[in-house]
Amino acid sequence: MQGTQSGDNEALLMEVHAAKFLSLSVRTLQAWRTKGCGPAYIQAGRAIRYRRCDLISWISSNVVRGAKGGQILRSAP
């Protein structure tokens, strides 16, 4: 898979590889782009690419630390 070596965070991943990296379906990524949410992506013409570092950053910003008083606490970005 292109761009999976550690230290190669700027590598561009195709949509299918980004979905695999996140353990999600390609359709989920497509739906999130339509809604304007999910990880940052690059669009070059009709091609969609994801930088590995953006996927890692998105994962980090969505870590749930626990609940306190019924509220979900997310880690600081």
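Preceding block: the structure.
All figures in this text were calculated on a predicted structure; none of them were measured in a lab.

Caption draft 1: Quick peek at the overall build of the protein chain. Across its full length, the protein chain carries 3 helices and 5 strands. Listed by position from the N terminus, the elements making up the protein chain come as β-α-α-β-β-α-β-β. A fraction of 42% describes how many contacts in the protein chain between residues 6 or more apart in sequence connect residues 24 or more apart. By element, 51% of the accessible surface of the protein chain is carried by carbon and sulfur atoms, the whole surface being about 5,300 Å².

Caption draft 2: How the structure looks around the sheet that holds strand S1 (residues 12-14). Strand order in the open sheet formed by 3 strands is S1-S3-S2, and the pairing between neighbours is antiparallel. The open sheet terminates on both sides in strands that have one partner only, identified here as S1 and strand S2 (42-44). The mean angle between the axes of side-by-side strands here comes to 40 degrees, regardless of whether they run parallel or antiparallel. Both S2 and strand S3 (residues 47-51) contribute to a ladder of 3 bridges, which runs antiparallel. In the sheet register, Ile42 faces S3, and the bridge partner there is Arg49. Strands S1 and S3 of the sheet are contacted by helix H1 (residues 15-22), whose axis makes an angle of about 95 degrees with S1. Sheet contacts for helix H3 (residues 52-61): S1 and S3; angle to S3, the most-contacted strand, approximately 65 degrees.

Caption draft 3: Quick peek at the pattern of salt bridges. Summed over all chains, the structure comprises 3 salt bridges. Residues Glu15 and Arg33 are paired through a salt bridge, measuring 2.8 Å at the closest nitrogen-oxygen approach. Remark: Arg33 occurs in helix H2 (residues 26-35) and Glu15 occurs in helix H1; sequence separation between them is 18 residues. Across this residue pair, the class does not change: Glu15 and Arg33 are buried. One network of salt bridges, in which partners are shared, links Glu10, Arg51 and Asp54.

Criteria and cut-off values
- Residues numbered from 1 in each chain as written.
- Predicted model: local features only at pLDDT ≥ 70, side-chain atom pairs only at ≥ 80, totals over all residues.
- Heavy atoms only, no water.
- Helix = DSSP H or I, 4+ residues; strand = E, 2+ residues; numbered from the N terminus.
- Contact = heavy atoms within 4.5 Å.
- Areas by Shrake-Rupley, 256 points an atom, 1.4 Å probe, with all protein chains shown as cover.
- Pairing = 2+ DSSP bridges.
- Axes fitted to C-alpha atoms, helices over the stretch in contact; angles between N-to-C directions.
- Salt bridge = Lys/Arg side-chain N within 4 Å of Asp/Glu carboxyl O.
- Buried < 20%, exposed > 50% of the residue type's maximum accessible area, 1.4 Å probe, protein only.

Geometric values such as these leave the question of function open.
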